[in-house]
Amino acid sequence: MDGGGRKNSSRRGGGASGGRSGGRGGNYQGQGGGRGRGGAPQSSQYPGPVQPHWVNRPPVQVYIDGAGGSQVNPPPAQRPWGNRPPQPDQGQGSGTGVQRPSQQPLHVGVEPTPARGAWTGRPWGPPTAASSSAKPQLQLQPQPQSQPRPQGPPQSSADGLDIQSLEISEKQPISSPSESTGNRTMPIKRPDRGGSLAIRTIGLLVNHFPVNFNPNATIMHYDVEIKAVASPGDRFVKKSVSKSDLRLVRDKLFSENPLFPMLKTAYDGEKNIFSAETLPTGDFRVELSDGEDSKIRSYLFTIKLVNELKLSKLKDYLRGNLSYIPRDILQGMDLVMKDNPSRHRISVGRSFYSPNYRAEDDLYYGLAAYRGFQQSLRPTSQGLTLVLDYSVMAFRKPLPVLDFLKDHVQGCRVVNDVTRLRQQVTDALKGLKVRVTHRVTKQKYTVAGLTTMNARRISFTFDDPDGISPPTEINLVGYFMDKWGKDIVYKDIPCLDLSKNNRPNYVPMEFCVLVEGQRYPKEQLERLDRDAGVFLKKLSVAPAKERKDRIDEMVRAEDGPCGAVMKNFDIGVDKNMTRVAGRVIGAPDLKLGSPSLVKVDRDKCQWNLVGKSLVEGKTIERWALIDFTQGDRFQLHGSFVNNLRRRCTGLGMSMDEPLVYQSTFMKEFSAISRIEGLLKSVVAEDMRRKSGKLQLIVCVMTKKDPGYKYLKWVSETKIGVITQCCLSTNANKGQDQYFSNLCMKINAKLGGSNVELSGRLPHFEGKEHVMFIGADVNHPGPKDSSCPSIAAVVGTVNWPAANRYAARVCPQENRKEKILNFGMMCSDLVNTYARINGVKPSRIVVFRDGVSEGQFDMVLNEELINLRRAIYDDHYRPTITLVVAQKRHQTRLFLQNGRDGGASGNVPPGTVVDTTIVHPFEFDFYLCSHYGGLGTSKPTHYYVLWDENRFTSDSLQKLIHHMCFTFARCTKPVSLVPPVYYADLVAYRGRLFQEVEMELQSRASSSSSAAGFDQSFYNLHPELQNIMFFV
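Since the structure is predicted, the reported quantities are computational estimates derived from the model, not experimental observations.

Conventions used here
Residues numbered from 1 in each chain as written. Predicted model: local features only at pLDDT ≥ 70, side-chain atom pairs only at ≥ 80, totals over all residues. Heavy atoms only, no water. Phe/Tyr/Trp six-rings, centres within 6.5 Å; stacked < 30°, edge-to-face > 60°. Buried < 20%, exposed > 50% of the residue type's maximum accessible area, 1.4 Å probe, protein only. Lys NZ or Arg CZ within 6 Å of the ring centre and 35° of its normal. Helix = DSSP H or I, 4+ residues; strand = E, 2+ residues; numbered from the N terminus. Expected span 1.5 Å × (residues − 1). Contact = heavy atoms within 4.5 Å. Patch = residues over 30% accessible without salt bridge, like charges linked within 9 Å, V, L, I, M, F, W, Y side chains within 5 Å. Areas by Shrake-Rupley, 256 points an atom, 1.4 Å probe, with all protein chains shown as cover. Salt bridge = Lys/Arg side-chain N within 4 Å of Asp/Glu carboxyl O. Lys, Arg positive; Asp, Glu negative; His and termini not counted. Charge placed at Lys NZ, Arg CZ, Asp CG, Glu CD. Axes fitted to C-alpha atoms, helices over the stretch in contact; angles between N-to-C directions. Parallel < 35°, antiparallel > 145°, perpendicular 65-115°, else oblique. Left-handed = near helix turned anticlockwise from the far one by under 90°. Nonpolar A, V, L, I, M, F, W, Y, C, P; charged D, E, K, R; others polar. Pairing = 2+ DSSP bridges.

1. Observations regarding the packing of aromatic side chains
And then number 1: Enumeration over the complete set of coordinates arrives at 29 aromatic pairs.
And then number 2: Ring plane angle 80 degrees and centroid distance 6.1 Å describe the contact between tyrosine 479 and phenylalanine 480, whose orientation is recorded as edge-to-face.
And then number 3: Note on tyrosine 479: relative accessible area 18%, which makes it buried.
And then number 4: Assessed through its relative accessible area of 2%, phenylalanine 480 is described here as buried.
And then number 5: A cation over an aromatic ring shows up here: arginine 250 above the ring of phenylalanine 254, its NZ or CZ 4.8 Å from the ring centre.
And then number 6: Residue placement shows lysine 840 over the ring face of tyrosine 876; its charged tip is 4.8 Å from the ring centre.

Written out as structure tokens, the structure is:
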């Protein structure tokens, strides 16, 4: 359980839609959970302007790096496509790579980033000395390399730091700085021809579909403004126009006016229209009506030409002849590619779902799982590609409201139950959109609630629209009969309140139908019915072969991305997946407590602890057990303590009998004060029995409970004692694997070492100290505009094992992705490293999580500069490498030959791809470091923004892959480099603390505007500041 996982309080939703709301945290079995990501749409996927520079790439050469033989791949036949430059393929079998033409480097520039605010709170951890006002100013000066890199003019940071005068020590040269022009630093270029290290190569299919376009074509970009205008007799005119009305206005004008060709234009639903032909400009009046007997509404449609987008610029960029990425062209093409599915499918962000569900996908409760896809355009080494991935999402069925309530609301069997279950009905319907059936109209209405009276008792004042008759009081039942000829059957239940802008609108439920495409949150589904939640997850995590078949089916579907509008723009899509050669990096040898080296399993790269001990098992002399299962049917068995001590002993952890045993009930989790009182009494009892500091409190629970956050906040900020939670249902089974996982987490929390590499980490075999830093930001839910985002930074505190971390956390502005106190938090961690090791690290590698390509400029020119300012002084200038780790992408790897993978059909652990589907000239790659037992493995996309440590493709890929074997709480490699994984866990823990603070402040009736921003509320107890309390 401990270690938590992401709730739906994160920007990353996951789950069915492929977004981030799933949890990556642990469970009650002491195991780490899966990392769920999804939800909120990404920012632009296209990186900023860069200096193109690539080199010819020979066929992959295979070296021995573990088990397996070596081989060299013969290059297969060339496969040119469309307007991309012909490129010799490489790889094994049908896999293809890219031979990049040599190019001269170009100077580049980008638009400046707006100035950003700053949060002044102090992060977790001991205070750091104030930075000297006379710190040297920074100038990045690259040292000579094997491949010379031209440099831009001197740069200054977004924070106003002049970096003109800094001198970099010759002992620590900067090997491959990012290109820069003016005031902006750009991501670095790929430093070599790509990697060649492998124990074997495999043929892969990737869900990147090459896009063909006419480089001589021009796309016309128009700005659109739609305003409501007064009609005769109007008393007022709406200032804003709804999105649905915006599209209706555009569609009516384009369908009735032959000068506006509907099938040669794409509209984003708001301000932009892209056209394959020149359109008339100016003002056009459009009139709409909601249906019979509805008043006509008038609008003014104003269109003006903004730009002429010449696709030759995109061709030049892909060939390396243009220094900046033409974002406006990609925006227009992306909209054109989405036109067909947006016309025929339910649109949610970047995803499109079928309007119909399959019978076998019924979730009941008025819900169903709808299948669809998400898509995006990416510039790659092989040219422009369409990336399309399969997705599933739960929606409410478009049922009549009364039928939906019978299915969805427990106990609502007949219509009259609506009155008895008024609150449940309100909760189920409030905020949903409905259509009405008593008259012909396309208008959608939002449910504000239920009427206070039943239908037969409702009356209202009717105003004659012509102003002839005076206002009269009319009964609702009579009105529906006289006006619409409809007899209200269910007169003794409330109506739906569809009022808006203080204009009453009450409609009987029997005349209302739910609008299609209304998403049902995954978290609510799991609370509603656990089996339905499991079923939805099963649909989402389709096995590799099934997922590939569904992707192939959807890219070819009539309502897929390839429609008439796309063809009218001279754009085509190759409906075959991209073939590419993948390299498999060998697994490292590991070191446990036994003297011999540990070889991992060949297929899954896992290892077991049977008959083995941990590298450094801690001695546990003073610990307490709190049993919360008293009086429950899942009461803890008496063998638990013996089983735990026996497994600890087997793993090299000496564990005495508990000094304190406290039996209580789960109701203690109902209040913070009860938990605090309980923990303080346990600590006091321990002190009474034996002087000294309590090391650990083991808490056994019968179920997951919201009070878990109270326990963690009290123990980690007030008491200063590590806690380990577990479920009695798992503990009572007595399985060795379960107790091994529990012991590993306890050992890591107490500062022990579970597993290490047998040798030094790749690329860092020298004597210099190296520190790894991970950073992440956890955002509140999408509708929460007041709670803080939580920034977390972790850093290693030991070397050369580099497997123990300290953490710092800081609240900041709502939904602010930039880590405002990044430099101060990192400086604190560097000083902590120095106190523990007696020396500051000479090299630092930073892994940044959760940012898209559109935010790279912010990371490079704000966070990185902030880091340098905080840690550099006259005598200390470590070399820094900055890598972004991305999981929120749609790229999936599939085996060409199923025999190359394991039983699950996924790519083997260690699979890396750095050709064909990667950026044309920047330093990125895809690495699948884990074994995918369920669903389809998703590789992590690593993007190197800055590098002063002279990494090659091989050395960085091998380093990250080997680090994935050092994660503290499992015996297998994880999918994400550990510093980022730990930063995510810490950010989630900070979110729990924030929820506790919100509850305390709401009870104290204090102002909610500052709720969650008090840094002191997040500060750890001094005893826990520099240990891994969060695993």
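Picking up where we left off.
2. Looking at helix α17 (residues 822–837)
And then number 1: Here α17 spans 22 Å end to end across 16 residues, near enough to the 22 Å set by a 1.5 Å rise per residue.
And then number 2: Burial analysis of α17 places 12 of its 16 residues in the buried class, the great majority of the element.
And then number 3: Within α17 the residues assigned to the buried category are Phe822, Gly823, Met825, Cys826, Ser827, Asp828, Leu829, Val830, Asn831, Thr832, Tyr833 and Ala834.
And then number 4: Its buried side turned inward, α17 meets β33 (770–778), β34 (789–796), β35 (805–812), β36 (843–849) and α18 (856–871).
And then number 5: One or two residues past the end of α17 sits glycine 838, with phi positive at roughly 80 degrees.

3. Looking at unusual backbone geometry
Negative phi is the rule for most residues except glycine; trans is the rule for most peptide bonds.
And then number 1: For the bond from tryptophan 799 to proline 800, the omega torsion is 10 degrees, close enough to zero to count as cis.
And then number 2: Mapped onto the secondary structure, proline 800 falls in the loop between β34 and β35.
And then number 3: One non-glycine residue, tyrosine 365, adopts positive backbone phi at about 60 degrees.
And then number 4: Residue position: tyrosine 365 is located in the loop between β12 (362–364) and β13 (367–380).
And then number 5: With a phi close to 50 degrees, alanine 802 is a non-glycine residue in the positive phi region.

4. Notes on a positive patch on the surface
And then number 1: Positive charge collects at one region of the surface, where Lys238, Lys433, Arg435, Lys444, Lys500 and Arg503 lie side by side.
And then number 2: Structurally, lysine 444 can be placed in the loop between β15 (433–436) and β16 (445–446).
And then number 3: Of the residues examined, lysine 444 reaches a relative accessible area of 40% and is grouped as partly exposed.

5. Concerning the packing of helix α12 (residues 640–650) against helix α16 (residues 736–749)
And then number 1: Contact pair α12 / α16: the axes reach a minimum separation of 9 Å and the direction vectors enclose 70 degrees. Classified by the angle their axes make, α12 and α16 are roughly perpendicular. When the axes of α12 and α16 are compared, the crossing they make is right-handed. Contacts from Phe640, Asn643, Leu644, Arg646, Arg647 and Cys648 of α12 reach α16 at Asp736, Phe739, Ser740, Leu742 and Cys743.
And then number 2: Here the residues of the contact of α12 with α16 sort into 6 nonpolar, 2 polar and 3 charged.

6. Points about the sheet that holds strand β21 (residues 506–507)
Two modes of strand pairing occur in sheets, parallel and antiparallel, and in both the strands are linked by backbone hydrogen bonds.
And then number 1: Sheet architecture is open: 3 strands sit in the order β17-β20-β21, paired in antiparallel fashion. Bordering the open sheet on either side are β17 (449–454) and β21, each of which pairs with just one other strand.
And then number 2: Judged from the 3 bridges that link them, β17 and strand β20 (residues 494–497) form a sheet pairing that is antiparallel. Note that in β20 the partner of glycine 449 across the bridge is aspartate 497.

Fair warning: the whole summary comes from geometry, so function is off the table for now.
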